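The primary structure of each chain is shown beneath.
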Amino acid sequence: MVAEGVDELFRQDAAQARVTESNSRLRGVVAAELARLGWAVTIDLFASLPNVFTHRFYARTAEVGAEGIDALSQPDWGSSVCPACCRRCREVVFAFPPRGILDRVVRKLEADRARGILILPFAITLPFWTKLMDASLTGGAPNRCIVLRNPSQFVIGAAEYGATRLAVVAFDFWPPHIPCSLGVLCGQEADTRSSSSWSRPEDVADRQRTAAARIRSMA
């Protein structure tokens, strides 16, 4: 027997995953920006099979191959220890999050001193827009981002996403005046890693703290 409401929740989750599902055109834009910067994405923060940008990804729920569940509950988006070389290296994240959590996403990107590519609505009135543009490595004045004027050509669920224009932003929140001492990339940072971190005590506690904070914020 299935608990009342469970099937509907699964349908809603599947529909939400389609809203931010990129197609080959968007991936081409992102690939060109990555090539310009000499970057390679090491982890996709908001993914669901089969719509993943690289081998490593966080999913909304437990999925085969996912490195973790719920990107916002993960301890660090800025760096991780590579199992291949055993050094802590900077991540290059790909993030196309739901609109409702964009503010929290940008705050965590900044707090973790992360770098990567962010897809979001082009809307200069967003409260974090100036902060994001200050960290942008894309384009020049006035936009400092790549503007995509017809989202339906780039996103599977563009109508549900509800933006008239999309912005592609390459960013780096590492303070430019602070030397980075993290290891040089070895080339295996994006290789699939174990999902055993789901059950590590420190990660479970971190997710519990995040959940408690969310409940407080909704009060």
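It should be noted that the structure appears before, not after, this text.
Here the structure is a predicted model, which is why all the values come from computation and not from measurement.

Novice: Explain the overall build of the protein chain to me, please; I cannot follow it from the model alone.
Specialist: On a plain count of helices and strands, the protein chain comes out with 6 helices and 9 strands. When contacts within the protein chain are restricted to residue pairs at least 6 apart in sequence, those whose partners lie at least 24 apart make up 66%. Per element, the accessible surface of the protein chain, about 11400 Å² overall, is 56% carbon and sulfur.

Novice: Explain the state of the cysteines to me, please; I cannot follow it from the model alone.
Specialist: Note on terminology: a disulfide is the covalent bond linking the sulfur atoms of two cysteines. All told, the structure shown has 0 disulfides when counted by the stated rule. Cysteine 86 takes part in no disulfide bond, and the closest cysteine sulfur, belonging to cysteine 85, lies 6.8 Å away.

Novice: Whenever I open this one, helix H2 (residues 24–37) confuses me. Can you help?
Specialist: Since the α-helix turns once every 3.6 residues, residues separated by three or four places project in the same direction. The terminal C-alpha atoms of H2 lie 20 Å apart, and with 14 residues this matches the ideal 20 Å at 1.5 Å per residue to within 8%. Turning to H2, its buried residues number three or more, namely Leu26, Val30, Glu33 and Leu34. For H2, the angular spread of buried residues about the axis comes to 100 degrees, placing them on one side. For H2, the exposed residues set more than 90 degrees away from the buried face come down to Ser24 and Ala35. One side-chain oxygen of the residue at the start of H2 lies 3.0 Å from the amide nitrogen of arginine 25, identifying that residue as asparagine 23. Of the residues flanking the end of H2, it is glycine 38, one or two places downstream, whose phi is positive at about 70 degrees.

Novice: So what exactly am I meant to see when it comes to helix H3 (residues 102–111) here?
Specialist: All of the buried residues in H3 are Leu102, Val105, Val106, Lys108 and Leu109. Along the long axis of H3, the arc covered by the buried residues comes to 165 degrees, so they all point the same way. The inward-facing, buried residues of H3 contact strand E1 (43–47), strand E6 (93–95), strand E7 (115–121), helix H4 (129–134), helix H5 (158–161) and strand E9 (166–172). Of the residues flanking the end of H3, it is arginine 113, one or two places downstream, whose phi is positive at about 55 degrees.

Novice: Explanation requested: the sheet that holds E7 in the structure shown.
Specialist: Sheet strands pair via backbone hydrogen bonds, and the direction of the pair is either parallel or antiparallel. Pairing is mixed in the open sheet, where 7 strands are placed in the order E3-E2-E1-E6-E7-E9-E8. Single-partner strands in this sheet number two, and they are strand E3 (68–69) and strand E8 (146–148). In this sheet, E9 lies alongside E8 in antiparallel orientation, the contact comprising 3 bridges. Residue pairing across strands places isoleucine 146 opposite valine 168, the latter belonging to E9.

Novice: Where do I start with the nonpolar core in this structure?
Specialist: Note on soluble globular proteins: their nonpolar side chains tend to be buried together. Counting 49 residues, the largest nonpolar core has Leu45, Trp77, Leu109 and Phe171 as its most contacted members. In terms of residue count, E9 provides more of this core than any other element does, 6 residues in total. What phenylalanine 171 contacts, discounting residues up to four positions off in sequence, is Trp39, Val93, Leu109, Ala114, Arg115, Gly116, Ile117, Leu118, Leu132, Ala135, Ser136 and Leu137.

Novice: Would you mind going over the pattern of salt bridges with me for this structure?
Specialist: Note that side chains of opposite charge can pair when their charged atoms are close. Taken as a whole, this structure holds 8 salt bridges when the rule is applied. Arginine 56 is the salt-bridge partner of glutamate 91, the closest N and O atoms lying 2.9 Å from each other. Here glutamate 91 is found in the loop between strand E5 (88–90) and E6, whereas its partner arginine 56 is found in the loop between E1 and strand E2 (57–59), with 35 residues between them in sequence. A relative accessible area of 3% means that glutamate 91 is categorised as buried.

Novice: Sorry, what's going on with the environment of phenylalanine 154 here?
Specialist: Considering the arrangement of structural elements, one finds phenylalanine 154 in the loop between E8 and H5. Accessibility expressed as a relative area gives 8% for phenylalanine 154, which makes it buried. A C-alpha to C-alpha distance of 8.8 Å links phenylalanine 154 and glutamate 21, two positions 133 residues apart in sequence.

Conventions we followed
Residues numbered from 1 in each chain as written. Predicted model: local features only at pLDDT ≥ 70, side-chain atom pairs only at ≥ 80, totals over all residues. Heavy atoms only, no water. Helix = DSSP H or I, 4+ residues; strand = E, 2+ residues; numbered from the N terminus. Contact = heavy atoms within 4.5 Å. Areas by Shrake-Rupley, 256 points an atom, 1.4 Å probe, with all protein chains shown as cover. Disulfide = S-S within 2.5 Å. Expected span 1.5 Å × (residues − 1). Buried < 20%, exposed > 50% of the residue type's maximum accessible area, 1.4 Å probe, protein only. Arc of directions from axis to C-beta. Polar contact = N/O pair within 3.5 Å; in protein donor to acceptor, adjacent residues only side chain to side chain. Pairing = 2+ DSSP bridges. Core = buried A, V, L, I, M, F, W, Y, C linked by side-chain atoms within 4.5 Å. Salt bridge = Lys/Arg side-chain N within 4 Å of Asp/Glu carboxyl O.

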